[in-house]
Amino acid sequence: MTCLRLVLGDQLNPAHPWLARHDPEVVYVLMEIRQETDYVRHHAQKVLAIFAAMRRFAANLENAGHRVDYLAISDPANTQSLPGNLDLLQRRYRATRIEYQEPDEWRLDRQLADYAQQQAIAVQMCSSAHFFAARDAVGQFFSSRTQWRMEYFYRDMRCRHGILLAPDGKPCGGAWNFDHDNRASWKGAPAAPADLRPQQDLRALWQEIVSAGVQTFGDPQAAACRWPLDRGEALAQLAQFIAHILPHFGHYQDAMSRHEPRLFHSLLSFALNIKLLSPAEVVAAAEAAYRHGAVPLPAAEGFIRQILGWREYVRGVYWARMPEYARHNVLQHERALPRWYWTGETRMACLGQSIRDSLAHAYAHHIQRLMLTGNFALLAGIAPQQVHEWYLGIYSDAFEWVELPNTLGMSQFADGGLLASKPYAGSAAYISRMGDYCQGCHYRSKQRTGERACPFNSLYWDFFARHAERLQGNPRLGPVYRNLARFTPEELAALRAQAASYLQRLDEL
Ligand SMILES: Cc1cc2nc3c(=O)[nH]c(=O)nc-3n(C[C@H](O)[C@H](O)[C@H](O)COP(=O)(O)OP(=O)(O)OC[C@H]3O[C@@H](n4cnc5c(N)ncnc54)[C@H](O)[C@@H]3O)c2cc1C
Ligand code: SF4
């Protein structure tokens, strides 16, 4: 009467109800498979850190007295596919039942549902016991509304879960958000935090991955992996963030610096997405810090909004709209992703630096993703599916349920405005206001035309001119279109000619 319980690589939740008791008839199964390493090309640190965390999780389960079967990437018996391995394990244990937790990715959800249908034994899905809201919560919430907006959902979540509320049920501080306090640029003070995350030596695992033939990109940093690999390490990282970094999070949330790729961001997305941490405990820690007077309200609220609001909201959009969501391309952008997205070799200092940082660390903070790499791809009309594959591969926290809506919806406006009320487009004025990349750049941030004119400027105006029919009725873009109307026909023609010349040689910028 053996039951196999499948734990996927992003389901390393030691607090899952499954683990509350020991059952000798249950075998927990984990597998490192080419199906998962190969569906897109991943950053080396992402593959390494996920496999290392899976191995640690399996070892901890065994030490705690559970039965575990772990199929390593180098195991000759490993079929390298999820259904193939489940068949193998069924035979190995004469299993009478298979259980799995709800996958976060539509692709795996379908694969397991199809597998379940073909089996003679019972195959059952249960909750992953991780998120605040059910998969269909966002779809339900907006079922009778015409406009989907994160803010409405977020306020409902605050009330539903009693987070940052005053005793009268109103929001703490009398407002639901403090965005106006959260837009400072960073001038070098306060000092950015040192990276105190422990370094892990994963050289042996890296060799195993390479020998198995897995193709990756980016710097493996196999001898100095800094992603938390178990719950203890993730909790230590959370505590460090709450005590020393969160107080500055809100204020510098949108800032960028060529010297400090992290600034005051938490680096918690990897631990959250593989479920070493629960969003509820992270939110509770931030709220407690505010209630004890250690953290200002705008910082705590700004941080909580990312997790309780954005993270839950994008997941809900994903589940409400897949699989067709992945094919959206309302702006009909078809250009190829410039080659330098894979190397960082461009003369545009902001993009070069943030891509090189991403290749080195498998990390970029939100504004670098949204207003540098994402913004450029949007303005240049890159095919959203190519942009999606790049983001899905490069960041250690990239899993489709959260990456796809952020890329296709928020960053590329490919869903026509379901997720974001307007395209997140910015010219060099925004980038130089929020960061320090422009000093020393080959291009001139204040020039719109001419040999050294910053490409963001002409591409910005060309983008809005090109898409005027679709976008100019958007009330949030009123000021943009009023400014566009102020250009004389000659000025606009010169701007668009400049943009066209850049678009013809994107690989050389
Ligand atoms: C184009 C693009 C692609 C992205 N791809 C991913 C991805 O693959 N995986 C991912 O987890 N996030 C993604 N994000 C959202 C966000 O950029 C990252 O969550 C964040 O940068 C992770 O770094 P951090 O942990 O230091 O975040 P912090 O800035 O410290 O924020 C705290 C936490 O809030 C959550 N969060 C913040 N913003 C978002 C958001 N927009 N959507 C969902 N959760 C959010 C994350 O869990 C994060 O750990 C993407 C954003 C953009 C614009
Ligand atoms: S001048 Fe333009 S390309 Fe150069 S760093 Fe500034 S915004 Fe980026």
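Residues numbered from 1 in each chain as written. Chains lettered and ligands numbered in written order. Predicted model: local features only at pLDDT ≥ 70, side-chain atom pairs only at ≥ 80, totals over all residues. Heavy atoms only, no water.

A few words now on the overall build of the protein. Looking only at helices and strands, the protein features 20 helices and seven strands. Principal-axis analysis of the C-alpha atoms places the extent of the protein at approximately 80 × 55 × 45 Å. Out of the 509 residues belonging to the protein, those deemed buried represent 58%. Roughly 20600 Å² of accessible area belongs to the protein as shown, and the carbon and sulfur atoms make up 50% of that amount. (Helix = DSSP H or I, 4+ residues; strand = E, 2+ residues; numbered from the N terminus. Buried < 20%, exposed > 50% of the residue type's maximum accessible area, 1.4 Å probe, protein only. Areas by Shrake-Rupley, 256 points an atom, 1.4 Å probe, with all protein chains shown as cover.)

At a minimum axis separation of 9 Å, helix 14 (residues 384-394) and helix 15 (residues 400-411) run at an interaxial angle of 140°. Classified by the interaxial angle, the pair formed by helix 14 and helix 15 is oblique. Where helix 14 crosses over helix 15, the two elements pack in a sense that is right-handed. In this structure, helix 14 uses Pro384, Gln385, Val387, His388, Tyr391 and Leu392 to contact helix 15, whose residues at the interface are Glu400, Glu403, Leu404, Thr407 and Leu408. (Axes fitted to C-alpha atoms, helices over the stretch in contact; angles between N-to-C directions. Parallel < 35°, antiparallel > 145°, perpendicular 65-115°, else oblique. Left-handed = near helix turned anticlockwise from the far one by under 90°. Contact = heavy atoms within 4.5 Å.)

So, about the site of ligand 1. Contacts to ligand 1 come from 30 residues, most closely from His265, Ser266, Leu267, Asn273 and Tyr363. Residue His265 places a side-chain N or O atom 2.7 Å away from an oxygen atom belonging to ligand 1. With respect to ligand 1, the side chain of Asn406 contributes an N or O atom lying 2.9 Å from a nitrogen atom. Considering ligand 1 on its own, with 810 Å² of exposed area, one finds that the protein chains cover 99% of that surface. Elements with a contribution of two residues or more to the shell around ligand 1: helix 9 (269-273), helix 11 (297-321), helix 13 (366-379) and helix 15. Its residues placed into classes, the shell around ligand 1 shows 16 nonpolar, 10 polar and four charged. Two domains each provide a minimum of three residues to the shell around ligand 1, namely domain 2 (137-200 + 229-320) and domain 3 (339-508). (Near = heavy atom within 4 Å. Polar contact = N/O pair within 3.5 Å; in protein donor to acceptor, adjacent residues only side chain to side chain. Nonpolar A, V, L, I, M, F, W, Y, C, P; charged D, E, K, R; others polar. Domains from an automatic or database assignment.)

Pairing is parallel across the open sheet formed by five strands, whose spatial order is 4-2-1-5-6. The outermost strands of the open sheet, each flanked by one partner alone, are strand 4 (67-71) and strand 6 (122-126). Going from strand to strand, the sheet's axes swing by 25° on average, the running direction of each strand aside. Pairing of strand 5 (residues 95-101) with strand 6, which is carried by five bridges, proceeds in the parallel orientation. Bridge pairing in strand 6 places Ile98 opposite Val123. (Pairing = 2+ DSSP bridges.)

Here we come to the domain arrangement of the protein. Domain assignment breaks the protein into domain 1 (3-126), domain 2 (137-200 + 229-320) and domain 3 (339-508). The distance between the C-alpha centroids of domain 1 and domain 3 comes to 39 Å. Residue-level contacts link 11 residues of domain 1 with 15 residues of domain 3. A combined buried area of about 1100 Å² lies between domain 1 and domain 3, and 58% of that area is made up of carbon and sulfur atoms. Its largest share of buried area at the contact with domain 3, domain 1 owes to His43, Lys46 and Glu105, together 43% of the area lost on that side. Our count for the contact surface shared by domain 1 and domain 3 stands at zero salt bridges. The interface formed by domain 1 and domain 3 includes seven residue pairs in polar contact (both at pLDDT 80 or more). At the level of secondary structure, the elements contributing two or more residues to the side of domain 1 that touches domain 3 comprise strand 3 (42-43) and helix 2 (44-63). The biggest single contributor to the side of domain 1 that touches domain 3 is helix 2, with three residues. Looking at the side of domain 1 that touches domain 3, its residues break down into three nonpolar, three polar and five charged. (Buried area = accessible area lost by both parts, 1.4 Å probe. Salt bridge = Lys/Arg side-chain N within 4 Å of Asp/Glu carboxyl O.)

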